[in-house]
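Fold and contact review
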Amino acid sequence: MTSLPENRPPRISETDRDTAVRRLQEAYAEGHISHEEMDTLLNQALTAQTHDALARALAPLPAEKPATTSTIAVHAGRIRRRGPWRVPRTLKVESAFGSVRLDLSRAVIEHPVIDIELQLGTGGAKVTVPRDAIVEFDNLGTGWKDMRYKPPRHSGPGGPTIRISGTMGFGRLKIRHARR
């Protein structure tokens, strides 16, 4: 007689683990936990196999700051962001008839992961990301033209992850890494 498979809790992902490590480092830098506590909690977070075990490692920390979301929307016209501007955790960009230019190369990026959601009708979008950024696409629908993106050959560690999602009607999405 064979036994039925047990209902095992889902294992944590590397993203979950990285987020936990970042929270522990921030709590230590802000003086919420001591060096010894950080060592102990880091060990727990790095060896955790389930979400419950990871939650126990983060329990002594203060509540996480809420994620920031901003929306930029125009009916017709251009959307431009460049220079030293503060990038929110989630950026929603909506345009029915117009072009979008987002330059993140000199932007202030405070989050390890940035979500950019595009809702574009006609008109293209160009996004310039930092040199060491990692670009991911999540549920990005393009209607008429294909997306253009060539990942860099050598990507340095420590850059932000830029996740791009949404829909584009009759425009092309071009993504490039900054040269500096």
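Now for a quick tour of the structure.

Remarks on the sheet that holds strand 8 (residues 125–129)
Pairing is parallel across the open sheet formed by 5 strands, whose spatial order is 2-5-8-12-10. Each end of this open sheet is capped by a strand with a single partner; those strands are strand 2 (79–81) and strand 10 (148–149). Strand direction decides the pairing type here: strand 8 and strand 12 (residues 173–177), joined by 5 bridges, are parallel. By the bridge assignment for strand 12, V127 is matched with I175.

Description of the sheet that holds strand 4 (residues 90–97)
Across a sheet, strands are paired by hydrogen bonds formed along the backbone, either parallel or antiparallel in direction. Pairing in this open sheet of 5 strands is parallel, and the strands run 1-4-7-11-9 from one edge to the other. Both outer strands of the open sheet, strand 1 (69–76) and strand 9 (134–142), are each paired with one neighbouring strand and no more. Strand-to-strand, the axes of this sheet are offset by a mean angle of 10°, without reference to chain direction.

Brief notes about helix 3 (residues 51–58)
Residues that lie three or four places apart on an α-helix share one face, since the helix turns once every 3.6 residues. Every buried residue of helix 3 is listed here: A53, L54, A57 and L58. One face of helix 3 carries all of its buried residues, which in axial projection span an arc of 140°. Residues of helix 3 that are exposed and point over 90 degrees away from its buried face: D52 and R56. Residues of helix 3 that are buried make contact with helix 1 (14–29) and helix 2 (35–47).

What counts and what doesn't
- The residue count restarts for each chain, going from 1 along the sequence in the order it is written.
- For a predicted model such as this one, the threshold for reporting local features is a pLDDT of at least 70, and the threshold for listing and counting side-chain atom pairs is 80 or more; totals across whole chains, interfaces and linings nevertheless cover every residue.
- Excluding hydrogens and water, the side-chain figures rest on all heavy atoms present in the structure.
- By the convention used here, strands pair only if DSSP detects at least 2 bridges between them.
- Numbering of helices and strands starts at the N terminus; helices are DSSP runs of H or I of at least 4 residues and strands are runs of E of at least 2.
- Under this scheme, a helix contributes an axis fitted over its contacting stretch, all axes are lines through C-alpha atoms, and angles between N-to-C directions fall in the 0 to 180 degree range.
- We call a residue buried when its accessible area falls under 20% of the maximum for its residue type, exposed when it is over 50%, and partly exposed in between, using a 1.4 Å probe and counting protein chains only.
- Working definition: the arc comes from the directions between the helix axis and the C-beta atoms, pointing outward to the latter.
- Any pair of residues with heavy atoms lying within 4.5 Å of one another is described as a contacting pair.

Limitation: the analysis is restricted to geometry and does not speak to function.
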